[in-house]
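Coordinate analysis (summary)
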Amino acid sequence: MDEPMAYIGRCPECKHVIFASADTPNNKKELAKDVGDCIKSGLEIERMSFEGVRKATWGHDPQCKYKRR
Ligand SMILES: [Zn+2]
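Right, let's walk through the structure included here. What you see is a predicted model; the values in this text were computed from it and never measured. (Residues numbered from 1 in each chain as written. Predicted model: local features only at pLDDT ≥ 70, side-chain atom pairs only at ≥ 80, totals over all residues.)

**Looking at the sheet that holds strand 2 (residues 17–22)**
Which entries qualify depends on this criterion: DSSP calls a pair of strands paired once it identifies at least 2 bridges connecting them. Segments assigned H or I by DSSP are reported as helices when at least four residues long, segments assigned E as strands when at least two residues long, and all are numbered from the N terminus. Axis definition: a line fitted to C-alpha atoms, over the contacting stretch in the case of helices. Angles run 0 to 180 degrees between N-to-C directions. C-beta atoms are placed from the backbone for every residue, and two residues are taken to be in contact when these atoms lie within 7 Å.
The antiparallel open sheet is built from three strands, whose spatial order is 2-1-3. Two strands in the sheet have a free side with no partner beyond their single neighbour: strand 2 and strand 3 (44–49). Between one strand and the next, the sheet's axes are offset by a mean angle of 30°, whatever the strand orientation. Contacts from helix 1 (residues 28–40) reach strand 1 (5–10), strand 2 and strand 3 within the one sheet, and its direction differs from that of strand 2 by about 160°.

Okay, here's the thing in structure tokens:
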């Protein structure tokens, strides 16, 4: 059975996850746009399982200097 996958955007400073979008067949268009936006704002894109997304550390570190929106 295939595990559901998602793309995440990681903060280049604190490495915490600040964006995630499901990688599903009916989400391709939106995903491409979202990932493009993330790359434009300098995030590190990574593909991981939903499980990994759930376990990831979300939101910027309080010390992170990158947060600007
Ligand atoms: Zn950060």
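**Thoughts on the environment of Gly-9**
Operational definition: Burial is judged by counting other C-beta atoms within 10 Å of a residue's own C-beta: 20 or more means buried, 12 or fewer means exposed, and anything between counts as partly exposed, with every C-beta placed from the backbone.
By the secondary structure assignment, Gly-9 is in strand 1. For Gly-9, a count of 21 C-beta atoms within 10 Å translates into the label buried. Once you skip the residues sitting within four places of it in the chain, Gly-9 turns out to touch Ile-18, Phe-19, Cys-38, Leu-43 and Ile-45.

**Observations regarding helix 1**
Note the threshold: The span expected for a helix works out to 1.5 Å for each residue beyond the first.
Between its first and last C-alpha, helix 1 extends 18 Å over 13 residues, near the 18 Å set by a 1.5 Å rise per residue. Summarising burial for helix 1: one of the 13 residues are buried, a small minority.

**Some points on the environment of Asp-61**
By secondary structure assignment, the location of Asp-61 is in the segment after helix 2 (50–55). Under the C-beta neighbour-count criterion, Asp-61 is labelled partly exposed, with 14 such atoms within 10 Å. For Asp-61 and His-16, which are 45 residues apart along the polypeptide, the C-alpha to C-alpha distance reads 7.2 Å.

**A short note on unusual backbone geometry**
The residue Lys-15 is not glycine, and still its phi comes out positive at about 65°. Structurally, Lys-15 is set in the loop between strand 1 and strand 2. Overall, the presence of 13 C-beta atoms within 10 Å leaves Lys-15 in the partly exposed class.

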